[in-house]
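Examination of the molecular architecture
Here is what each chain is made of, one letter per residue.
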Amino acid sequence: MKRTKEGVPICVKGYDFKVEKVTVDMKTGVPRTAIHYRNQHYEGCPLRSWCTTSKKRRSARISPQLEKYRIKWMRF
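The following refers to the structure shown. Please read all numbers here as calculations on a predicted model, not as lab measurements. What you see as residue numbers is a count from 1 along each chain, following the sequence as written. Per-residue local features of the predicted model are confined to residues with pLDDT of at least 70, and side-chain atom pairs are confined, for both listing and counting, to 80 or more; whole-chain, interface and lining totals are unaffected and use all residues. As a convention, hydrogens and water are excluded, and side-chain values are obtained from all of the structure's heavy atoms.

1. Side note on the overall build of the protein
Test applied: Comment: elements are numbered from the N terminus, with helices defined as DSSP H or I runs of at least four residues and strands as E runs of at least two. Each residue is placed in one exposure class: buried if its accessible area under a 1.4 Å probe, protein chains only, is under 20% of its type's maximum, exposed if it is over 50%, and partly exposed if it falls in between. It only takes one pair of heavy atoms within 4.5 Å for two residues to be counted as in contact. Areas reported here follow the Shrake-Rupley algorithm with a probe of radius 1.4 Å; residue values treat only the protein chains shown as occluding.
Counting its secondary structure elements, the protein contains two helices and three strands. Along the protein, helices (α) and strands (β) appear in the sequence β-β-α-β-α when read from the amino end. Of all 76 residues assigned to the protein, the portion counted as buried reaches 26%. By sequence separation, contacts in the protein at least 24 residues apart represent 37% of the contacts at least 6 residues apart. Surface summary for the protein: the accessible area is close to 6,300 Å², and the carbon and sulfur share equals 54%.

2. Observations concerning the pattern of salt bridges
What counts, and what does not: We count a salt bridge whenever a side-chain nitrogen from Lys or Arg sits within 4 Å of a carboxyl oxygen from Asp or Glu.
Overall, the coordinates contain two salt bridges when judged by the stated rule. In this structure, the salt-bridge partner of glutamate 20 is arginine 38, at a minimum N-O distance of 3.2 Å. Here glutamate 20 is found in strand E1 (residues 18–25), whereas its partner arginine 38 is found in strand E2 (residues 32–38), with 18 residues between them in sequence. Glutamate 20 sits in the partly exposed class, given a relative accessible area of 41%. For arginine 38, a relative accessible area of 17% corresponds to the buried category.

3. Remarks on the nonpolar core
The test is simple: Residues belong to a common nonpolar core when they are buried Ala, Val, Leu, Ile, Met, Phe, Trp, Tyr or Cys residues joined through side-chain atoms within 4.5 Å.
In this structure, Val8, Cys11, Phe17, Ile35, Tyr37, Ala60 and Ile62 together form the largest nonpolar core, which totals seven residues. Elements represented by at least two residues in this core include exactly E2 and strand E3 (59–62).

4. Section: the side chain of serine 63
Within the secondary structure, serine 63 sits in the loop between E3 and helix H2 (64–74). By relative accessible area, which is 10% here, serine 63 ends up buried. Those residues within four positions of serine 63 in sequence are excluded, and the remaining contacts are Arg32, Thr33 and Ala34.

5. Describing the pairing of E2
For clarity, the threshold we go by: The rule for pairing is simple: two strands pair if DSSP sees at least two bridges between them.
Burial analysis of E2 places five of its seven residues in the buried class, the great majority of the element. Both E1 and E2 contribute to a ladder of seven bridges, which runs antiparallel. Considered in E2, the bridge of threonine 23 is made with alanine 34. In the sheet, E2 pairs with E3 via four bridges, with the strands oriented antiparallel. Pairing of isoleucine 35 across the sheet is with isoleucine 62, part of E3.

Have a look at this one:
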């Protein structure tokens with residue numbers, strides 16, 4: 001999924017996702033933050049099937065900590 005310079009997801013049509021909520025998971029004893037985004041331009045989009053099969057609006061969840069690891073490993 002494409003993103004803006006700030007890391008916000010962008011849908012196929014070019015619309016930015018909006019932050020819906022931020023959660024912190026403590027299951028492992030180490031806090032893991034997740035940013036939940038929601039696409040507000042979902043209804044009636046002719047390209048909807050490219051993004052999701054969900055009956056609800058398109059959403060994305062990004063963990064900044066995991067993003068750092070992903071970028072680190074992509075450099076190798």
